[in-house]
Amino acid sequence: MKTVKRTICGKERTLCFSLRVMLDCIDRFGSLEAIAPEAEENAADSVRNIVWLIAQMSKAGEQYNALSGQTAAEPLSEDEILVFCGKDDFPMLKDALGAAIMAGSSRDVEVAGKNAETTRPA
């Protein structure tokens, strides 16, 4: 499992797109494809869904850190994000969301062979 770290609301947060978050997304949106902000019909729904996803991934990141013996900032609630983030933070939130989803979706491929010494991302 890969996680990403981003500074959100003044603290470094671990974001994780875990299977639990995937299931929550399917329950909320009906499919994983429907989570794209561009799929929203209005801007308010897009903001609400991005804030919800960041909160879910923050919670999953904190759980991941706790179970793996690492420390991290407390997970963010939707309300905290809505209070402490402004319009100028929105591009960063979208970037953090995309980075966490991509990190959770990428795979590492080990190359075995006589001259292979590194692991390359797929």
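Residues numbered from 1 in each chain as written. Predicted model: local features only at pLDDT ≥ 70, side-chain atom pairs only at ≥ 80, totals over all residues. Heavy atoms only, no water.

*Asks:* Could you clarify how one ought to interpret unusual backbone geometry in this entry?
*Replies:* Most peptide bonds adopt trans geometry, and most residues besides glycine take a negative phi value. Unlike most non-glycine residues, Cys9 shows phi in positive territory, near 55°. Structurally, Cys9 is set in the loop between strand E1 (3-8) and strand E2 (11-16). (Helix = DSSP H or I, 4+ residues; strand = E, 2+ residues; numbered from the N terminus.)

*Asks:* Any chance you could explain the pairing of E1 here in plain terms?
*Replies:* For a regular strand, side chains alternate in direction, first toward one face of the sheet and then toward the other. Looking at chain direction, E1 and E2 are connected through six bridges and run antiparallel. Note that in E2 the partner of Thr7 across the bridge is Glu12. (Pairing = 2+ DSSP bridges.)

*Asks:* Can you walk me through the packing of aromatic side chains in this structure?
*Replies:* What characterises a pair of aromatic rings is the spacing of the ring centres plus the angle enclosed by the ring planes. All chains considered together, the criterion is met by one aromatic pair. Centre to centre, the rings of Phe29 and Trp52 are 5.7 Å apart; their planes meet at 80°, and the pair counts as edge-to-face. Residue Phe29 is located in helix H1 (residues 19-29), and its partner Trp52 is located in helix H2 (residues 43-67); the two are separated by 23 residues in the primary sequence. For the pair formed by Phe29 and Trp52, the shared burial category is buried. (Phe/Tyr/Trp six-rings, centres within 6.5 Å; stacked < 30°, edge-to-face > 60°. Buried < 20%, exposed > 50% of the residue type's maximum accessible area, 1.4 Å probe, protein only.)

*Asks:* I tried to follow H2 on my own but got confused; where do I start?
*Replies:* When the terminal C-alpha atoms of H2 are compared, their 36 Å separation across 25 residues agrees well with the 36 Å that a helix rising 1.5 Å per residue should span. Of the residues flanking the end of H2, it is Gly69, one or two places downstream, whose phi is positive at about 80°. (Expected span 1.5 Å × (residues − 1).)

*Asks:* Got a minute to help me understand the pattern of salt bridges in this structure?
*Replies:* Scanning the entire structure with this criterion turns up two salt bridges. Between Asp95 and Arg6 there is a salt bridge whose closest N-O contact spans 3.7 Å. Separated by 89 residues along the polypeptide, Asp95 in helix H4 (residues 90-105) and Arg6 in strand E1 bring together distant segments of the chain. The class of Asp95 is partly exposed, set by a relative accessible area of 46%. A relative accessible area of 26% means that Arg6 is categorised as partly exposed. For Arg48, the salt bridge goes to Asp45, with nearest N and O atoms at 3.5 Å. One end of the pair is Arg48 and the other is Asp45, both in helix H2 and three residues apart, which spans about a single turn. Taking relative accessible area as the criterion, Asp45 reaches 30% and is therefore assigned partly exposed. (Salt bridge = Lys/Arg side-chain N within 4 Å of Asp/Glu carboxyl O.)

*Asks:* I would appreciate a short explanation of H1 in the present structure.
*Replies:* Spacing of three or four residues puts side chains on the same side of an α-helix, whose turn is 3.6 residues. Every buried residue belonging to H1 is among Val21, Cys25 and Phe29, and all of these are buried. Each buried residue of H1 sits inside an arc of 50° when the element is viewed along its axis, so together they form one side. In H1, the exposed positions that point more than 90 degrees away from the buried face belong to Leu19, Arg20, Leu23 and Asp27. Looking at the packing, one finds that the buried side of H1 touches E2 and H2. Where H1 terminates, the next one or two residues include Gly30, which has phi positive at roughly 95°. (Arc of directions from axis to C-beta. Contact = heavy atoms within 4.5 Å.)

*Asks:* Just to check I follow, could you spell out the nonpolar core for this structure?
*Replies:* Ile8, Leu15, Cys25, Ile54, Met57 and Ile81 are the most contacted members of the largest nonpolar core, which totals 27 residues. When residues of this core are traced back to their parent elements, those giving at least two are E1, E2, H1, H2 and H4. Tallying contributions element by element places H2 first for this core, with eight residues. Here Ile81 is in contact with Cys9, Val51, Ile54, Ala55, Leu76 and Leu93, once residues within four sequence places are set aside. (Core = buried A, V, L, I, M, F, W, Y, C linked by side-chain atoms within 4.5 Å.)

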